[in-house]
Amino acid sequence: MEISSARAPAGSRLLATPLGAHAACRRSGQLLRPRRHTVRCSVDATRQAQGIPSAVAAEAEAAEARKRAFGVFCTTYDLKADEKTKSWKKMVNIAVSGAAGMISNHLLFQSYRFILSSHFSLANLEKKKLLSTIHFDTNFQIAAGEVFGLDQPIALRLLGSERSFQALEGVAMELEDSLYPLLREVSIGIDPYEVFEDADWALLIGAKPRGPGMERAALLDINGQIFAEQGKALNAVASKNVKVIVVGNPCNTNALICIKNAPNIPAKNFHALTRLDENRAKCQLALKAGVFYDRVSNMTIWGNHSTTQVPDFLNAKIDGRPVKEVIKDTKWLEEEFTLTVQKRGGVLIEKWGRSSAASTAVSIVDAMKSLVTPTPEGDWFSSGVYTTGNPYGIAEDIVFSMPCRSKGDGDYELATDVEIDDFLWERIKKTEAELLAEKKCVAHLTGDGIAFCDLVNEDTMLPGEM
Ligand SMILES: NC(=O)C1=CN([C@@H]2O[C@H](COP(=O)(O)OP(=O)(O)OC[C@H]3O[C@@H](n4cnc5c(N)ncnc54)[C@H](OP(=O)(O)O)[C@@H]3O)[C@@H](O)[C@H]2O)C=CC1
Ligand SMILES: O=C([O-])CC(=O)C(=O)O
């Protein structure tokens, strides 16, 4: 059966892909734009390969998809002829907002981490042979199998705005030209109700950066509106078990706003990205101890993704030993280490002239992987998650970074084998107070009544605003 889909896996035969057809596809995509603001290829090759829907319906859908597809993603090919993978998993739909921005650009196209981690994982992967037949220069982290595996087709749904639509087309064109073997569908659009449809993952990256002189309260309000709308859209059209990772700042409070606007999606499915902070903390401890950073485990970031965050050296381990046994310089741990991690984002902006994008993209992939692979025995990872019935005594009904473990099923449990001393608790209370104050500023967006914002700039800062 000849079917239409986004992209044949490596080695599969492309059928009926005359240049003229490509041009027609792109033309028809552009024609659709003013009406739908969406250009997509909507055929799920995996379902069709399994004979669902029927051949006739599939053909009709394929023809329709060819009309709507973005560029090469409407080519026709025979999936059954693919000899590399016989059992494809069900398509995973990944929605990305701010898709034309810096972080997304790294997320969608970054290469080095995939190449490195592929080498590390080669030894124990039975798919070794398959890996070696897929060229390592096909390197989109997610679409190349870094997160979900090499038999997992991916659909990307990219969300932009009127101002970024042309740039989004550029992103989609570069995705075309990258020949990613697992990338089956690409659609771009500016309406979250269309782009988030059936999303299994939503990576919410787009947010307005704080400009000079802008009050924190104003930033919370502007970005809060974006996340309220996106929460509503997810609630209406995404998969009911969608996993949401909020990256756009202030990410904890934005995540809370999303949760409150998406009552049909479990609050547990929402995460604020604090994995970058965890990675930064691991790096600093490794540097001080003179070990490679893969020796550092059990690294918790408590609280807000801001300068009040608490990198926890009490429970972290180096080579399986408590950090304080390895690094005896307590003053360094309490002062320099803590401040360095809290303000790393700001130092980076001073050096780069823009906020961290590459390492943030890496940490988004880490965060996703942590949820879809079992956490190594005894270890945990940090994520900003909704506080409800937490065992630490942290205020309820906020999004707070805490230590989590996953069985690899997309869900997590909080780690309970942690110790909290006075030093740690005092700092946890400070970051908690900050989040409670942020929450008051966005009460109008969370359904909690009238907002009252008494934040002053020094109170609450992003890592980049030190
Ligand atoms: N949690 C974390 O660890 C980290 C979070 N961040 C945060 O991630 C976010 C994205 O960073 P980055 O990709 O570098 O930023 P960019 O400025 O490169 O991209 C941000 C995107 O946000 C979109 N956007 C949405 N609404 C607005 C608006 N009202 N005004 C302007 N732009 C808007 C824009 O896309 P469009 O025009 O399509 O809407 C833009 O492409 C920021 O909020 C940043 O602070 C950064 C580093 C670490
Ligand atoms: O402040 C910012 O926008 C950048 C940021 O979050 C970080 O680097 O951790």
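Preceding this section is the structure that the text describes.
Reading the values: rules and limits
- Residues numbered from 1 in each chain as written.
- Chains lettered and ligands numbered in written order.
- Predicted model: local features only at pLDDT ≥ 70, side-chain atom pairs only at ≥ 80, totals over all residues.
- Heavy atoms only, no water.
- Helix = DSSP H or I, 4+ residues; strand = E, 2+ residues; numbered from the N terminus.
- Expected span 1.5 Å × (residues − 1).
- Buried < 20%, exposed > 50% of the residue type's maximum accessible area, 1.4 Å probe, protein only.
- Near = heavy atom within 4 Å.
- Polar contact = N/O pair within 3.5 Å; in protein donor to acceptor, adjacent residues only side chain to side chain.
- Areas by Shrake-Rupley, 256 points an atom, 1.4 Å probe, with all protein chains shown as cover.
- Nonpolar A, V, L, I, M, F, W, Y, C, P; charged D, E, K, R; others polar.
- Domains from an automatic or database assignment.
- Phe/Tyr/Trp six-rings, centres within 6.5 Å; stacked < 30°, edge-to-face > 60°.
- Lys NZ or Arg CZ within 6 Å of the ring centre and 35° of its normal.

**Thoughts on helix H14 (residues 358-372)**
Turning to step 1, where the next piece is worked out: With 15 residues, H14 extends 22 Å from end C-alpha to end C-alpha; this agrees with the ideal 21 Å at 1.5 Å per step.
Turning to step 2, where the next piece is worked out: Most of H14 is tucked away, with 11 of its 15 residues classed as buried.

**Focus on the site of ligand 1**
Turning to step 1, where the next piece is worked out: Within the structure, ligand 1 sits among 22 residues, and Met102, Ser161, Arg163, Ser164 and Asn249 are positioned closest to it.
Turning to step 2, where the next piece is worked out: Note that a nitrogen atom of ligand 1 is positioned 3.3 Å from one of the backbone N or O atoms of Leu273.
Turning to step 3, where the next piece is worked out: With the chains in place, 82% of the 920 Å² that ligand 1 exposes on its own is no longer accessible.
Turning to step 4, where the next piece is worked out: A class-by-class count of the residues in the shell around ligand 1 yields 9 nonpolar, 11 polar and 2 charged.
Turning to step 5, where the next piece is worked out: Mapped onto the domain boundaries, the shell around ligand 1 takes at least three residues apiece from domain 1 (3-195) and domain 2 (276-465).

**Considering the packing of aromatic side chains**
Turning to step 1, where the next piece is worked out: One pass over the structure, following the stated rule, counts 5 aromatic pairs.
Turning to step 2, where the next piece is worked out: On the numbers, 5.6 Å between centres and 35° between planes, the contact of Trp332 with Phe337 is tilted.
Turning to step 3, where the next piece is worked out: The exposure class assigned to Trp332 is buried, which follows from its relative accessible area of 9%.
Turning to step 4, where the next piece is worked out: The class of Phe337 is buried, set by a relative accessible area of 0%.
Turning to step 5, where the next piece is worked out: Here the aromatic cluster, defined as three or more aromatic residues joined through ring pairs, consists of Phe313, Trp332, Phe337 and Phe423.
Turning to step 6, where the next piece is worked out: A cation sits over an aromatic face here: Arg354 above Trp352, 3.7 Å from the ring centre.
Turning to step 7, where the next piece is worked out: Sitting over the face of the ring of Phe423, Arg427 holds its NZ or CZ atom 3.6 Å from the ring centroid.

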